[in-house]
Amino acid sequence: MNGHADIGADRDGCFWKKLTAGIVADNYRLGVWLAVISAFGFSFKAILIKIAYALPQQVPVDAVTLLSLRMLIALPLFLLLYRSSGAGAPKLSSRDVAVIIILGAVGYYGASLFDFFGLVYISAGLERVILFTFPLLTLFFDAVFSGRKIRGYEWLAVLICYAGIGLAFVHDMGASSVQKNVWLGGGFIFLSALCYAFYLSGGRHLIAKYGSSRFACLALIVSTLATLVHFLLTHPLSNLIQPWQIYLLALVMAAFSTVMPVLALAAAVRRIGSSPAALISSLGPVLTIFFGWLLLDEAVSLLQMVGTLLVIGGIWLVSEKGRKAAG
C-alpha cells in the first residue's frame, strides 16, 4: 500500500516538475518574443519617419512638426503609464525633479530632435547603425562620472564599432548623390546617440530609486513639453494641419515605436534578464536595413552588412565582458 502511495507521489511530483518546467520555458519564450517585438518597434521608427518625409505634398512635413505630432499623441499614454507606475513609489525630491528635467530636456528631447534631423539626410539603415553605438557612449559617460578607468576590451569594442560605422558610412557615401548630406546627417545621429547615452548614464541612480517605468515616463513628459515649446517658438500652429497620412504615421510612431517597445523591453527583462534582452536588441540595425530595403528602396551592400555586424559585435563584446566582470 505504501509502495503504491510512493509511486503515486513520484508521479505527482514528476507531473508538477514537468508543469513547472513548461511554465518556466513558456515564460522564457515569451520574454524572448517580447524582446524581439521591442527591437522591431524601435527599429521601425526610422522607417516611419522616412515614409513621412517622402509623402508627396506641397510643403513636406519638417522634423520639428513631425516630432511634435508624435509626442503630442504619445503624451496621454505617458501620463497614464506614469499614474499606474506611481502607486507605492517614493516621493520625488526637489533635487531629483531638477535632474529629471535636465535629463528629459537635454537627453531625451535632444536625442529625438537630432534623430529626426539626421533622417532628413541619411538612410534609415545608417541611422540605426550609428545610433546603436549608444551603449558604448553610455559606458564612457559612466567612466567619466565615476572616475573609473576604461578597460582594454572596451577600447577594442570602440575600435570594432567605429570600423563598422566607417564601412556603413562608405556604403552610404557611394549610394548618395550629395555626399555632404551623409556627413551632416551622420553628425546629427551621432549627437542623438550622445544625448541618449547622457540620458541613460545620468538617470541610472534614479531608475534604481524610482523604477524604470516611472523614470522613463517622467523624462518623456519633460521631453514632450520641451518639444512643444520648441515648436511654438519656431513654427506657426497651422503647421500642425497635415494630411491624414501624417497623423496616421505619427500615431503608429507614438504607439508602436515609442510606448510599446519601452513596455515590451521592460517585460522581457523581467522574464529573461537584461543581458539576453540586450543581445536580442542587436537585431535592431539588421531589421532597419531590411525594412529600409523592402519599403524605402534603400540600397543594401555587403560592405554595409559587414559594418553592421562589426557594430553588433563590438556591443556584444562590451556586454559579455561586462557581465562576466560583474559576475
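Quick notes on the rules
Each chain has its residues counted from 1, following the order in which its sequence is written. In view of the model being predicted, local features appear only for residues whose pLDDT reaches at least 70, and side-chain atom pairs are presented and counted only at 80 or more, with totals across whole chains, interfaces and linings using the full set of residues. In computing side-chain properties, one takes all heavy atoms of the structure into account and sets aside hydrogens as well as water. What counts as a helix is a DSSP run of H or I of at least four residues, what counts as a strand is a run of E of at least two, and both are numbered from the N terminus. What counts as an axis is a line fitted to C-alpha atoms, over the stretch in contact for a helix, and the angles between N-to-C directions run from 0 to 180 degrees. Oblique is the label for any angle not under 35 degrees, not over 145, and not in the 65 to 115 range, which are roughly parallel, roughly antiparallel and roughly perpendicular in turn. Crossing chirality is assigned from the near helix's rotation relative to the far helix, an anticlockwise turn below a right angle marking it left-handed and a clockwise turn marking it right-handed. By the convention adopted, Pro, Cys, Tyr, Trp, Phe, Met, Ile, Leu, Val and Ala count as nonpolar, Lys, Arg, Asp and Glu as charged, and the other residues, Gly among them, as polar. We define the nonpolar core as a collection of buried residues of types Ala, Val, Leu, Ile, Met, Phe, Trp, Tyr and Cys that are connected through side-chain atoms lying within 4.5 Å of one another. Note on exposure labels: buried denotes an accessible area under 20% of the residue type's maximum, exposed denotes more than 50%, and partly exposed covers the range between, all computed with a 1.4 Å probe on protein chains only. Contacts are assigned to residue pairs with any non-hydrogen atoms lying within 4.5 Å of each other. The pLDDT value expresses, per residue, how confident the predictor is, ranging between 0 and 100. In this analysis, the expected span of each helix is defined as 1.5 Å times one less than the number of residues it contains.

A. Highlighting the environment of alanine 197. With respect to the helices, strands and loops of the structure, alanine 197 is situated in helix H7 (residues 179-202). As for alanine 197 and aspartate 142, which are separated by 55 residues in sequence, their C-alpha atoms are 9.3 Å apart.

B. Looking closely at the packing of helix H2 (residues 63-85) against helix H9 (residues 212-234). At a closest axis distance of 8 Å, the pairing of H2 and H9 adopts a crossing angle of 150°. In terms of orientation, H2 lies roughly antiparallel with respect to H9. In terms of crossing hand, the pair formed by H2 and H9 is left-handed. Residue composition of the contact of H2 with H9, grouped by class: 15 nonpolar, nine polar and one charged.

C. The nonpolar core, seen in detail. Membership of the largest hydrophobic core comes to 45 residues, with the highest contact counts inside it found for Ile49, Tyr53, Leu66, Phe78, Phe116, Tyr199 and Ile246. Counting only elements with at least two residues in this core, the list comes to helix H1 (2-54), H2, helix H3 (94-118), helix H8 (204-210), H9 and helix H10 (244-272). When residues no more than four places from it in sequence are discounted, the contact partners of phenylalanine 78 are Met71, Cys217, Leu220, Ile221, Thr224, Thr258 and Val259. If you look at the next biggest cluster of nonpolar residues, it comprises 26 residues, including Ile122, Val129, Ile165 and Leu317.

D. Focus on the environment of valine 269. Looking at the secondary structure, you find valine 269 in helix H10. Taking the relative accessible area as the measure of exposure, valine 269 reaches 33% and is therefore partly exposed. Sequence separation between valine 269 and glycine 31 is 238 residues, and the spatial gap between their C-alpha atoms is 7.2 Å.

E. View of the confidence of the model for the chain. The predicted model of the chain has a mean per-residue pLDDT of 84, with 87% of residues at 70 or higher. Mean pLDDT per element in the chain: helix H11 (residues 274-280) is the minimum at 67, and H3 is the maximum at 93.

F. Representation of helix H12 (residues 283-296) within the structure. An ideal rise of 1.5 Å per residue puts 20 Å on 14 residues; H12 measures up with 19 Å between its terminal C-alpha atoms. Among all positions in H12, only Gly284, Pro285, Thr288, Ile289, Phe291 and Gly292 are buried. Directly beyond the C-terminal end of H12, a positive phi value near 60° is found at aspartate 297.

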